[in-house]
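# Understanding the architecture of this molecule
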Amino acid sequence: MAGIDDSIDRWVPAGLPAVALDSSSFWSALLRHPWGLLALLCLVQTLCWTVVPTFIDPAPPGDVVEGFMWGREWVLLTYKHPQLPGWLLEASHLLTGSFRWPQYLLAQLTISATFVLVYLLARDMLGQRRALAAVLLMPSVYFFGWPTPQFNHDYAQMPFWAAICWLLWRAGRGSGPGWWLALGLVSGVGLYAKFSTGLLLAFGALWLLSDARARSRLATPWPWLGLAVCLAVAAPLAIALYRIDFLPLTYFAGRDAWVTEHRARLYYIGVQLAGFSGFLLVLAISGLLRRTSAPQDPVERGKLVYLTWMGLGPATLIMVASLFTGTGEAWGAPMYNLVGVVALAFLGHRLGAPEMRRLAICAFICIVAMSGAYAAIRWTDCNVRGRMDAVCWPARPISDEAEAVWHAAVPGRLDIVGGDTNLAMLAGLNAYDKPSIFTDLDMRFAPWITRQRLRDHGMLMVWSGPHVPSRLRAWLDNVPVKTVLFNWSREAPPVAISFAAIPPGIRYLPVAASSRTRHPRI
């Protein structure tokens, strides 16, 4: 599909021989075929960030374990978020039969899809070479590397944010009615990844009203049909939100209070700025920050406005809001998809063959170096420093022991796990019986658990340490407890985990805790 401004691809910087881009070198051959270099970038990103955590991490990151456990329930919505990421994780398990590597592959497929969608938008606005340069800048941003093994709602949003920006630009420039319908569909589905997709939609709506050419499309039926598609797709989500009494809003308020209490006021902004240190370094190494004469082929004002508004607007707003509210540091991850495009919109007149070559080399170095550093630091934290991160837990042995304890005490299948929620999820993750998690022993947070189901199937209680926590004593009564030591580190001592099988037929059930404040993982 031809770009809207392919003429830009024929531009060559002043002083650069026209044959420079047509030499027979390996890099020049790649630069003459942007899709080939883009495919190679996606392949290296996917391989490095799938293989490294697969071999290094004994357990998936915490959000991934939670996603797997909730995904097997196939609900539209939990008390935290919509459940598209959970569905994708469960689908990856059903297709592969593994909990060890599919989630890492899934995460990198979303990152690669984001690269491709950003390229498509940038190609339409800046031409092929500048679009490729914009994508080559993305691996230098922290949020496209180190955190990506934790496939959660923030990363599930990434391709939707990029797709919405591209589809809106195409639709607003009159590319045809199909773009409006596609925009409506993608926008609706994007809300199933995370509600904060609505923030980008709000920015898009404001741009649509402010841009004269795009606003003129509102006189046709297609934008309204696209809106109808979006509302129809999102309607089941709205109904589910109403049925659970808007619990995600309560969760958000609780998380906001926790972050405000435990984080410095400038913490969020500091993390975001630190995440761009590599980006600025690569800009400098590539030569794009050097001073040159005035642009020979400047990008038109309308494109600059769109890219700045959609690419930097939501992230800037969240940074300002973080001064007054508690904001999780990963929330901004999908908001930086277009930073490379914005940079090339302003600096692209300095782009020549040497700059492209340096950008390509830096992109691959960033991927390999950051994934290598991830491997070294994660392994050292678990095995040398004895730091019990979420990925250090011996997930498979915990699940195996959980099933052994249950089946030694109860003849039926293991259907429910509960207790210490994070440990209970690890106990149920690899279990052959695929039990459900009783989150916080609260039926509001785990509506798939009912009193009748507890009576009929019983529950395996799991917690850390040999002593029964006070909040679990009412559940256990005189149930036998088995404590097992698990090796998890070369240097640190084993960790003690206790199991207790509550058999079916229990008549007395403690009242579900409903007033306890959760301390969310950040």
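Residues numbered from 1 in each chain as written. Predicted model: local features only at pLDDT ≥ 70, side-chain atom pairs only at ≥ 80, totals over all residues. Heavy atoms only, no water.

## Quick look at the overall build of the protein chain
Our working rule: A run of H or I in DSSP counts as a helix once it spans at least four residues, and a run of E counts as a strand once it spans at least two, with each numbered from the N terminus. Our radius of gyration looks at C-alpha atoms and nothing else; its globule reference is 2.2 Å times the residue count to the power 0.38. For the exposure calls, accessible area comes from a 1.4 Å probe over protein chains only, and a residue counts as buried if that area is under 20% of its type's maximum, exposed if over 50%, partly exposed in between.
Each helix and strand in the protein chain was counted, giving 22 helices and 5 strands. Against the compact-globule benchmark of 24 Å for 522 residues, the protein chain has a radius of gyration of 25 Å, which places it among compact chains. Each of the three principal axes of the protein chain carries a C-alpha extent, and together these read 85 × 55 × 45 Å. Within the protein chain, the proportion of its 522 residues that are buried is 57%.

## Overview of the packing of helix α8 (residues 158-172) against helix α9 (residues 177-193)
Convention followed: Here an axis means a line fitted to C-alpha atoms, over the contact stretch when the element is a helix, while the angle between two N-to-C directions is reported on a 0 to 180 degree scale. Between 65 and 115 degrees an angle is taken as roughly perpendicular, under 35 as roughly parallel, over 145 as roughly antiparallel, and anywhere else as oblique. Here is the rule for handedness: rotate from the far helix to the near one, and if that takes an anticlockwise turn smaller than a right angle the crossing is left-handed, while a clockwise turn gives right-handed. Residue contacts follow a heavy-atom distance rule, with two residues in contact if any of their heavy atoms lie within 4.5 Å. Ten residue types, Ala, Val, Leu, Ile, Met, Phe, Trp, Tyr, Cys and Pro, are classed as nonpolar, four, Asp, Glu, Lys and Arg, as charged, and the remainder, Gly among them, as polar.
Two elements in contact, α8 and α9, have axes separated by 9 Å at closest approach and are oriented at 160°. By the angle class used here, α8 and α9 are roughly antiparallel. Between α8 and α9 lies a crossing of left-handed hand. In this structure, α8 uses F160, A163, I164, W166, L167, L168, R170, A171 and G172 to contact α9, whose residues at the interface are W179, W180, A182, L183, V186, S187, V189, G190 and A193. Across the contact of α8 with α9, the residue classes break down as 14 nonpolar, 3 polar and 1 charged.

## Some remarks on the sheet that holds strand β2 (residues 436-437)
We apply this condition: Think of it this way: DSSP has to see at least two bridges between two strands before they count as a pair.
Read across the sheet, 5 strands follow the order β2-β1-β3-β5-β4 without closing on themselves; strand pairing throughout is mixed. Among the strands making up the open sheet, the edge pair consists of β2 and β4 (482-486). As defined by bridge partners, strand β1 (residues 416-419) adjoins β2 across 2 bridges and the pair is classed as parallel. Following the sheet pairing, I416 is matched in β2 by S436.

## Overview of the environment of W224
Here is the rule: Whenever a nitrogen or oxygen atom comes within 3.5 Å of another N or O atom, the pair is scored as a polar contact, on the condition that within protein one atom can donate a hydrogen and the other can accept it, and that pairs from neighbouring residues in sequence are kept only if both atoms are in side chains.
Assignment of secondary structure puts W224 in helix α12 (residues 222-243). Sequence spacing of W224 and W180 is 44 residues, and the spatial spacing of their C-alpha atoms is 8.5 Å. Of the polar contacts made by the side chain of W224, one reaches the backbone oxygen of L218; its length is 2.9 Å.

## Some words on the confidence of the model for the protein chain
We apply this condition: Here pLDDT means the predictor's own confidence in every residue, given as a number from 0 to 100.
Chain-level statistics for the protein chain give a pLDDT mean of 89 and a share of 91% at 70 or above. Element-level pLDDT for the protein chain is lowest in helix α1 (residues 26-31), with a mean of 68, against a maximum mean of 97 in β2. A low-confidence stretch, residues 1-24 stays under pLDDT 50, and its non-local contacts, those more than four residues away or across chains, total 50 contacts. Residue range residues 513-522 is modelled with pLDDT below 50. Its contacts to residues more than four positions away, or to other chains, number 25 contacts.

## Observations concerning the packing of aromatic side chains
The condition that has to hold: Here a Phe, Tyr or Trp ring, Trp counted by its six-membered ring, pairs with any other such ring whose centre lies within 6.5 Å, and the pair is stacked when the planes are under 30 degrees apart, edge-to-face when over 60, and tilted otherwise.
Applying the stated rule across the entire model yields 22 aromatic pairs. With 5.3 Å between their ring centres and 75° between their planes, Y142 and F143 make a pair best called edge-to-face. Measuring from ring centre to ring centre gives 5.1 Å for W166 and W179, while their planes differ by 85°; the resulting arrangement is edge-to-face. Residue W166 is located in helix α8, and its partner W179 is located in helix α9; the two are separated by 13 residues in the primary sequence.

## Concerning the pattern of salt bridges
For clarity, the cut-off: One speaks of a salt bridge when a side-chain nitrogen belonging to Lys or Arg is within 4 Å of a carboxyl oxygen belonging to Asp or Glu.
Here the structure, examined in full by the defined rule, presents 13 salt bridges. Residue R170 is joined to D124 by a salt bridge in which the shortest nitrogen-to-oxygen separation is 2.7 Å. Note that R170 is positioned in helix α8 and D124 in helix α5 (residues 102-126), a separation of 46 residues in sequence. Taken individually, R170 and D124 each receive the classification buried, so the pair is uniform in this respect. Measuring nitrogen to oxygen at the nearest pair gives 2.4 Å for the salt bridge that ties R413 to D415. Taken together, the shared-partner salt bridges in this structure form one network comprising R378, R387 and D389.

## What about the side chain of N152?
Here N152 lies in the loop between α6 (128-137) and α7 (153-156). On the basis of relative accessibility, which here comes to 7%, the residue N152 falls in the buried class. At a separation of 3.1 Å, a polar atom in the side chain of N152 contacts the main-chain amide nitrogen of D154. Leave out the neighbours within four places in its chain, and N152 touches D63 and P85.

## Points about the packing of α9 against α12
Relative to each other, α9 and α12 sit at 20°, their axes nearing to 8 Å. Considered as vectors, α9 and α12 are oriented roughly parallel to each other. As α9 runs across α12, the sense of the crossing is right-handed. Counting all contacts with α9, which are made through P177, W180, L181, G184, L185, S187, G188, V189, L191 and Y192, the residues of α12 involved are W222, P223, L225, G226, V229, C230, V233, A234, P236 and L237. Taken together, the residues that form the contact of α9 with α12 break down as 16 nonpolar, 4 polar and no charged.

## What to know about the state of the cysteines
As a reminder, the rule being used: In plain terms, two cysteine sulfur atoms within 2.5 Å form what is called a disulfide here.
What the rule picks out here adds up to 1 disulfide. Note that C382 is cross-linked by a disulfide to C392, the S-S spacing being 1.8 Å. As the torsion about the S-S bond is roughly -80°, the C382-C392 disulfide counts as left-handed. With a gap of 10 residues between them, C382 in helix α18 (residues 353-383) and C392 in the loop between α18 and α19 (395-409) connect regions that are remote in the sequence. Here C382 and C392 have matching classes, each one buried. Sulfur of C42: no disulfide; nearest cysteine sulfur belongs to C48 and is 13 Å away. Given the relative accessible area of 18%, C48 is considered buried.

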